[in-house]
Amino acid sequence: MKTGAGRFFEDYRLGETIAHAVPRTVSGGERALYHALYPARHALSSSDEFARACGLPAAPIDDLAAFHLVFGKTVPDISLNAVANLGYAEGRWHLPVWPGDTLRSESTVIGLKENSNGTSGVVYVRTRGLNQRDELVLDYVRWVMVRKSRLDAPAPEPVLPTLAQTVAPDTLPIPAGLDFSRYDFALAGEPHRWGDYAVGEQIDHVDGVTIEEAEHMLATRLWQNTAKVHFDATNRADGKRLIYGGHVISLARALSFNGLANAQMIVALNAGAHANPCFAGDTVRAWSEVLDKAETPAPGVGAIRLRLVAVRHGAEPFALRTEDGKYRPDVLLDLDYWALMPR
Amino acid sequence: MKTGAGRFFEDYRLGETIAHAVPRTVSGGERALYHALYPARHALSSSDEFARACGLPAAPIDDLAAFHLVFGKTVPDISLNAVANLGYAEGRWHLPVWPGDTLRSESTVIGLKENSNGTSGVVYVRTRGLNQRDELVLDYVRWVMVRKSRLDAPAPEPVLPTLAQTVAPDTLPIPAGLDFSRYDFALAGEPHRWGDYAVGEQIDHVDGVTIEEAEHMLATRLWQNTAKVHFDATNRADGKRLIYGGHVISLARALSFNGLANAQMIVALNAGAHANPCFAGDTVRAWSEVLDKAETPAPGVGAIRLRLVAVRHGAEPFALRTEDGKYRPDVLLDLDYWALMPR
Amino acid sequence: MKTGAGRFFEDYRLGETIAHAVPRTVSGGERALYHALYPARHALSSSDEFARACGLPAAPIDDLAAFHLVFGKTVPDISLNAVANLGYAEGRWHLPVWPGDTLRSESTVIGLKENSNGTSGVVYVRTRGLNQRDELVLDYVRWVMVRKSRLDAPAPEPVLPTLAQTVAPDTLPIPAGLDFSRYDFALAGEPHRWGDYAVGEQIDHVDGVTIEEAEHMLATRLWQNTAKVHFDATNRADGKRLIYGGHVISLARALSFNGLANAQMIVALNAGAHANPCFAGDTVRAWSEVLDKAETPAPGVGAIRLRLVAVRHGAEPFALRTEDGKYRPDVLLDLDYWALMPR
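Cut-off values and rules
- Residues numbered from 1 in each chain as written.
- Chains lettered and ligands numbered in written order.
- Predicted model: local features only at pLDDT ≥ 70, side-chain atom pairs only at ≥ 80, totals over all residues.
- Heavy atoms only, no water.
- Contact = heavy atoms within 4.5 Å.
- Buried area = accessible area lost by both parts, 1.4 Å probe.
- Salt bridge = Lys/Arg side-chain N within 4 Å of Asp/Glu carboxyl O.
- Helix = DSSP H or I, 4+ residues; strand = E, 2+ residues; numbered from the N terminus.
- Buried < 20%, exposed > 50% of the residue type's maximum accessible area, 1.4 Å probe, protein only.
- Polar contact = N/O pair within 3.5 Å; in protein donor to acceptor, adjacent residues only side chain to side chain.
- Least-squares fit on C-alpha atoms with pLDDT ≥ 70 in both.
- Nonpolar A, V, L, I, M, F, W, Y, C, P; charged D, E, K, R; others polar.

Chemist: Mind showing me how you'd approach the interface of chain A and chain B here?
Modeler: Accessible area lost upon the coming together of the parts serves often as the stated size of an interface. Taken together, the 45 residues of chain A in the interface contact 33 residues of chain B. Summing both partners gives a buried area of about 3,000 Å² for chain A against chain B, and 58% of it is carried by carbon and sulfur. It is Ala36, Arg41 and Leu187 of chain A in chain A that bury the most area against chain B; as a group they hold 21% of the surface buried on that side. Between chain A and chain B we count 5 salt bridges in total.

As structure tokens, this is what we get:
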């Protein structure tokens, strides 16, 4: 058999590192497509001039585009036979990605636990994105529930990694040279600075975007994510394709511009849950909540910890969970991240 | 409130200049996307070699892509609460836009007139697109009808700007170095030169393109145009999204290649009306009429003034208005522009 | 009449060479769009670093993107009035295409044969794609059935070109510098080398992709292919648009990554048939058969001749023709090509 069926739960070994296939060189093409696929307007990723005025050599590609590029490569090895994408932790954007960079990914298995039903298990991996100089661009922990293929394969000794609840603010990566002391708020689109946001504050981002099948498939292919459920209408009786969770992340983040235009760079991912599946025809809206704030050593740069929630049109404002603690059925995404903001 | 609700009629002051947000650096990505979104074939924007043979340093991005980039930035400040986009005048493309350029926009309020019903008014702005050297790339006048939010706000003294009926041909901007004396008609696609067109001549561009929701949303997002009506299916009972008028302009202009392949550069916009709304599923066709011709000082370069009309499939050929002077219901666009053509 | 209606059968002359219009400069934008439109993952076209490790100066654009760019330009002159695209032969990719290259096309009429019904005829052309240095990038023979416009035009003397059944392996173009002796199979995605494939071996590529109207229209426009049937829903009672056959070729080739990840470069096209029309909503799957193998003088580089078959979902595995020798109704494409592979 020449074709790959993907790995099953029993194929993972604690401590092994998997080099993922198909490195990718990024250009202005990926940047333009990102702006066509999402209503992204954060100035630092849109304008070389704006980025230079903030101390960077040029506009990096959107932080989430870098995430998708790194993540997409892991799909054939990690989540092709996944039942569910369970969580994220300890994500850090160590270096911006510039047009011309080439990215590759590798993942180390840091935890394994077979489910009591014996038909699946949870795999924890730490994924690293590396550039052409072998510099660490991005790393994050993800855990997924993966089916077993040989049900009689012995269960591995359960190992659960110890994961930080959040990325500590004094460990946030700050891009070299970043300086927001001469930040142009008019060009950026909003006057609100770090000091204007209060912990606990909630922001309804107002706008909504209705998703078409062609759009999420173009996006998901661009990141070379090969999971069949996103592309093959024959997988479901209703002919719909399950939308890649990362598409909803990027959509919600772009919508959050309206109210968080100055939350310029995502530098850490504390946690994330794809609360419910998203399908073409859904109109996605978003709201945010300020979870924490921190100072940074970079001139004029503050850090803000945000909960970003994507919901379907019609969802009750700022409502996340039902009384029994589960996500409400119209909640699509609950993401917890740190961003950098002018003080 | 951190989110912006946009400006209302009473928020504009005569003479004020609004710096629009989110500068954008253009690359080959925007050029490629323009060619994927529209059937654009004008050789000067398609081939660096062709552009060099015409005296330019490289192929500029399509003139209308430059227009959309400049226009898109104005939407959050000018037309988020607009009832209607009423007209354009005095548009001039002063400089080509090249990959690597960064564009920003600003608008000056040059006219204000409250409507007699007291619930809305007309705002006239002159918008300027500037590159990273603060050079004027494009300017045009646009007027829109904008809702009032506070109905008791006093009406401003009415001021209507004096606008030229057309851009005078001796004021048309000609790109530095442009020389059509060794123009390659075979590579450009048609043998017809400036002298072959007669004032009053009408051209049916024959081809038609059916629009999909995904296409116009990709395009409108690419220009960072944030108007909700283009993206949010919950705005209308039928779930359709109103297509950005500029999408129809680009579609019609691209269709006009068949018969006007040598009308290479748009250098002035005399007038324009989005006669009727356009929706996904519409099949768009186009026809042109030669309104005027003029010589230019550039070698081998003539100017041609064209009416470009976009219609829905089934429209009567070359029919624009009904007996009472209104646009026929199947007319989508009536645009009046100057282009440069080999003599 | 300024608009072109395309050529009819009686307009072709044996031996004439037609210079096709609209040269095109390629950038990272076309590469990014190719990866968004097709699930393309072959590493040599995805990563500059991978390409350099294989002796090339950078990653070329996908070989099929080069094919589409050259082919698209021929449509207005060759196939605008075609009844059917009958076949391909003697295709060779002489040089990779890099971002920054400008492509143009020309075709020489090498055969003509009027059909016995007197209403159409078959035109054979050899098409050449040339870069900005007038170097031959790609050439291939294509024959199409074209309608007559003037039914009383005399039939030309029938001339049928002598065409090679396959491109002889010792004439396959090998890109200068190509060296697979340090090929990284992990980064490429599969361990199977040239020696692991046996003539006669069949591979089911497993995955499927459902096509949307927006996707194939974006792709076909990107290649500046102007055939109306791909864009105008009013051409058919059911409102569907016929999908450009090249879209199916690229889709099938990208799907063939799963099992043929190391068939890196397409260097020759032996034959090809668009067996049945493809429409939006179709879910496309693919299988391959190894037809031949050959050595090459380049270090570590073998050549493999493959049949690539695209089918609609539900097709019987590896079934190509019915008992009467015709293509089965669920077969979309039957392509015969040579690719280069690490030994």
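Here the narrative resumes.
Chemist: It is not clear to me how the environment of Tyr327 of chain A should be interpreted in this structure. Could you clarify?
Modeler: Residue and element names in this part refer to chain A. Note that Tyr327 resides in the loop between strand E11 (301–312) and strand E12 (331–342). Under the relative-accessibility criterion, Tyr327 is labelled partly exposed at 21%. Sequence spacing of Tyr327 and Pro156 is 171 residues, and the spatial spacing of their C-alpha atoms is 31 Å. Once you skip the residues sitting within four places of it in the chain, Tyr327 turns out to touch Ala273, Ala275, Asn276, Leu320, Arg321 and Asp334. A distance of 3.1 Å separates the side chain of Tyr327 from the side chain of Arg321, its partner in a polar contact. Here Asp334 takes part through its side chain, which lies 2.6 Å from a polar atom of the side chain of Tyr327.

Chemist: How should the relation of the copies chain A and chain B be read in this particular structure?
Modeler: One copy of the chain maps onto the other through a rotation about an axis followed by a shift along the same axis. Rotating chain A by 120 degrees and moving it 0.0 Å along the rotation axis overlays it on chain B with an RMSD of 0.0 Å. The relationship between the two copies is best expressed as a three-fold rotation axis. Closest approach to the rotation axis among the C-alpha atoms of chain A is made by Gly29 of chain A, whose C-alpha sits 2.2 Å away. Little of the interface of chain A is mirrored in chain B, where only 9% of its interface residues are also at the interface.

Chemist: Before we go on, may I ask you to explain the interface of chain C and chain B in this structure?
Modeler: At the interface, 33 residues of chain C touch 45 residues of chain B. When chain C packs against chain B, the two sides together hide about 3,000 Å² of surface, and 58% of this comes from carbon and sulfur. The closest approach of N and O atoms between Glu215 of chain B and Arg221 of chain C, which form a salt bridge, is 2.7 Å. Here chain C is connected to chain B by 19 residue pairs in polar contact (both at pLDDT 80 or more). Among the secondary structure elements, those contributing two or more residues to the side of chain C that touches chain B are strand E2 (24–25), helix H1 (28–37), strand E4 (102–114) and helix H5 (213–222) of chain C. By residue number, the principal contributor to the side of chain C that touches chain B is H5 of chain C, which donates 6 residues. Split by residue class, the side of chain C that touches chain B holds 13 nonpolar, 11 polar and 9 charged.

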